[in-house]
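# Remarks on the overall topology
Each chain, written out:
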2 protein chains.
Amino acid sequence: MLAVNAEIITIGDEILYGQIVDTNSAWMGTELAKIGIKVKQITSISDSAEHIVAALDEAGKRADIILMTGGLGPTKDDLTKDVLTDYFHNMLKLHEPSLADIAAIFEKRGIELTELNRQQAFLPESCTPVRNVLGTAPGMWFEQNGKVYVSMPGVPFEMKRMMTDIVLPNLKAHFKTPEIIHKVIQTTGIAESILADRLEDWELALPPHIKLAYLPHLTGVRLRLTGSGDNATILEQELQTEVEKLSQLIPNYIFAYGEVSLEEAVGDMLKERGLTIATAESCTGGYLAHKLTSIAGSSAYFMGSIVAYSNEVKMQLLGVKPETLQQHGAVSEATVREMAENVRRKLNTTIGVATSGIAGPDGGTEEKPVGTIWIAYADGEKTIAKQLNYNKTRLLNIEFTALVALNLIRQSLPATVDE
Amino acid sequence: MLAVNAEIITIGDEILYGQIVDTNSAWMGTELAKIGIKVKQITSISDSAEHIVAALDEAGKRADIILMTGGLGPTKDDLTKDVLTDYFHNMLKLHEPSLADIAAIFEKRGIELTELNRQQAFLPESCTPVRNVLGTAPGMWFEQNGKVYVSMPGVPFEMKRMMTDIVLPNLKAHFKTPEIIHKVIQTTGIAESILADRLEDWELALPPHIKLAYLPHLTGVRLRLTGSGDNATILEQELQTEVEKLSQLIPNYIFAYGEVSLEEAVGDMLKERGLTIATAESCTGGYLAHKLTSIAGSSAYFMGSIVAYSNEVKMQLLGVKPETLQQHGAVSEATVREMAENVRRKLNTTIGVATSGIAGPDGGTEEKPVGTIWIAYADGEKTIAKQLNYNKTRLLNIEFTALVALNLIRQSLPATVDE
């Protein structure tokens, strides 16, 4: 069975000029993948008749489904409908149900229907209108040489409603699509190249209908297994088997399966094990606390944080010894250990985590250049300190420090504490 | 003088499958527009050699500049470099400076350089390498038939750094583009529609070669004046005059001119006036401290923060009275006032700022629904408390609370303190 391919064409200048980010296409790609339709290309073009025609010709060569968004507004700079009318050698004809929908919208708004909006109810004869219950621009479904062309408005909530209610179900019915299943395995603390070395033999042994993708993110490399086949149950089992094989190759580097963030994974561990946590932050300046508290329900395990940017605050609120700061400096193993151990005691939590470093761009010295960072973890049983060396931008140094700290927590947490 | 056109080609399945949203292209479109280069098409394709070649052929027909991102990773699913090597009839050759950069990154990480990463230093002979100081994949600049082709990594911070430092300046030098000057006026605390009313008459009186754009962001509405002409000096003067007229129409809502963030603007005020600040955070969970410390040099005015997520911490570390919490609850004017006043005293700063609210999605009640938030500002002379009501997502509630708090600081700061 052949894979069904789609292409997305977005029409309008806002995306090209960077005035808006194209989130529509990502949403469409995800939804199409769920019904086994692969997006082969996304093309963003301006409201120009010849450019639209060129894009349609190109897409028609490759794809079975061509989905268009945008250019359906009532004003003269919106050309999509006229271009499609010519492209499919059609005439415009009043579509009464669409006119009724448009009139209803104006009535609801208490405004009089304008001629411009009335014109939106005139549609190419050969198209099957796609109802738009949220806006004044109806969609259009065309079929030609076994290919399907659908034109929708660019307004996200209008497009999404039309896709969900009408276009996706009709596409699934119209095309016999293969079952496609994705499995995401989230890793952290291992470089893509090293990961690739570790996985090479297993990857080469994958059956042809299961593919592996490396998706590097700030947190780490997300691995995505994509399988396609006729039988969802069998495919699911095959993928599970491969995920298990993979897991045994890199057990320590996997923090989650599926779309779970590192802070979420750490939060779940803390909650399940009944542990509480507090942070003492210098260079991360509260960002680690923010990461932890960005998760709903984090108040169950996160008690608080002391952001000690000045040495005074480190001594006064965190009880770091003046001698420690004098002898080793604020950015040192000794200081960060005291910070982690003391914040744990002060806030009466199971775990204390601390960061101290030079985020930059200023503040670096010969022996402690920008990017010199110490982090520590303390849980009463043990205290683990770790030195990091980054030299990225200030914000990235902060971001990476928080991520490495979260990973240190994940790897160091005690099984449970019984009191 | 002819307009210079660019096309962007993003390579990789993540965007097509909707796993990530393509924010790179929007950023590039904006930056290119600033130097008078118009993006004509954005094309997202998968890691397939023939598809990449087809996209290059198509783009080459229309554009003067073809910018590619993605597909430069060290693993075998990354094809861009090999495809370009063939496309420009090249051979791969070791580029020593790139190898040095890559080796340096691995040395800093304390990991041994792998063969896969070493391979990344082999580049097509005819390309001018574009240095990547933040990652292991160098960029490549090709010229053919008067057109420029640039390939960059898809990792946003690597691509942005290469564009800003090398690609944009070189494109500006290589192509004769019209003088284009942008003036950004940053507003906060005023709705776009109200702003439009206030500015209407002035906007209508703008000369035809000066255009105004409303760019709504989380912080507020960014206003961008764009002028184009042949004489930069005259254009600069014309724009300055218009900016001054504009400023007089909405003085209280402008927090900065140019690409300055609200936290940066507040930081500058604190530094200039010799003031220091500390935060006491409940619902923002350290995010306000993070915003303030995201600015280089913030240690000059930011002393620290007490993130008090639990009531115990509010009482113990911030000295909030038990009665206050009992009578009014943690989310109340009384509590947030004590938090702001006490953190100021505890950390011995000029200013104390506090937040307490229900970020959601859980924790809401009948009389205090999710999105009920109190913030307070204290500087010894006065304490100002303010209630906010949002009902957005957890992260947006946190984000908006921090932004409104920053704006409250901006509006309330004393001129100077002489001790």
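Predicted, not measured: the structure shown is a model, and the values here were computed from it. Note on numbering: residues in each chain are counted from 1, in written sequence order. Think of it this way: whatever chain is written first is A, whatever ligand is written first is 1, and the rest follow in order. In keeping with the predicted nature of the model, local features appear solely for residues at pLDDT of at least 70, side-chain atom pairs appear and are counted solely at 80 or more, and the whole-chain, interface and lining totals rest on all residues. Side-chain figures throughout are based on the complete set of non-hydrogen atoms in the structure, without hydrogens or water.

## Details of the interface of chain A and chain B
Facing 78 residues of chain A, the contacting portion of chain B comprises 73 residues. In short, buried area is how much 1.4 Å probe accessible area vanishes from two parts on joining, totalled over both. When chain A packs against chain B, the two sides together hide about 5,900 Å² of surface, and 61% of this comes from carbon and sulfur. Any Lys or Arg side-chain nitrogen located within 4 Å of an Asp or Glu carboxyl oxygen qualifies as a salt bridge. One can count one salt bridge joining chain A with chain B. One salt bridge in this structure joins Lys76(B) and Glu203(A), with 3.9 Å as the shortest N-O distance. Any pair of N or O atoms that falls within 3.5 Å is considered a polar contact. Within protein, one atom must be able to donate a hydrogen and the other to accept it, and sequence-neighbouring residues count only if both atoms are side-chain atoms. For the pair chain A and chain B, the interface holds 28 residue pairs in polar contact (both at pLDDT 80 or more). Only DSSP runs of H or I reaching four residues or more are called helices, and only runs of E reaching two or more are called strands; each is numbered from the N terminus. Looking at which element gives the most residues to the side of chain A that touches chain B, the answer is strand E2 (residues 37-45) of chain A, with eight residues. Ten residue types, Ala, Val, Leu, Ile, Met, Phe, Trp, Tyr, Cys and Pro, are classed as nonpolar, four, Asp, Glu, Lys and Arg, as charged, and the remainder, Gly among them, as polar. When grouped by side-chain class, the residues that make up the side of chain A that touches chain B number 34 nonpolar, 29 polar and 15 charged. The pairing of E2(A) with strand E2 (residues 37-45) of chain B spans five bridges and is antiparallel. Residue pairing in the sheet places Gln41(A) in a bridge with Ile45(B) of E2(B). Pairs of residues are marked as contacts when any of their non-hydrogen atoms sit within 4.5 Å. When DSSP locates at least two bridges between a pair of strands, those strands are taken to pair.

## Details of the pairing of strand E13 (residues 277-281) of chain A
Residues and elements named next belong to chain A. Categorising residues by exposure relies on relative accessible area from a 1.4 Å probe, with only protein chains included: less than 20% of the type maximum marks a residue as buried, more than 50% marks it as exposed, and the intermediate range marks it as partly exposed. In terms of burial, E13 is a largely internal element, five of the five residues being buried. Along E13, one buried face is formed by Ile277, Thr279 and Glu281 and the opposite face, lined by Ala278 and Ala280, is buried too. Inspection of the sheet shows E13 paired to strand E14 (residues 302-308) by five bridges, in the parallel sense. For Ile277, the partnering residue across the bridge sits in E14 and is Phe302. Following the backbone out of E13, through helix H11 (residues 287-293) and into the adjacent parallel E14, one traces a crossover that is right-handed. Here is how to tell: hold the view so the strands point away, follow the path from the first strand over the helix to the second, and if it runs clockwise the crossover is right-handed.

## Re the UniProt feature "domain: MoaB/Mog" (unreviewed entry) in chain A
UniProt positions are given in the numbering used here, feature names are shortened, and annotations may be inferred rather than shown by experiment. The UniProt feature table records "domain: MoaB/Mog" (unreviewed entry) at residues 7-173 of chain A. For the annotated span residues 7-173 of chain A, helix accounts for 45% and strand for 24% of the residues, and the straight-line distance between the end C-alpha atoms is 18 Å.

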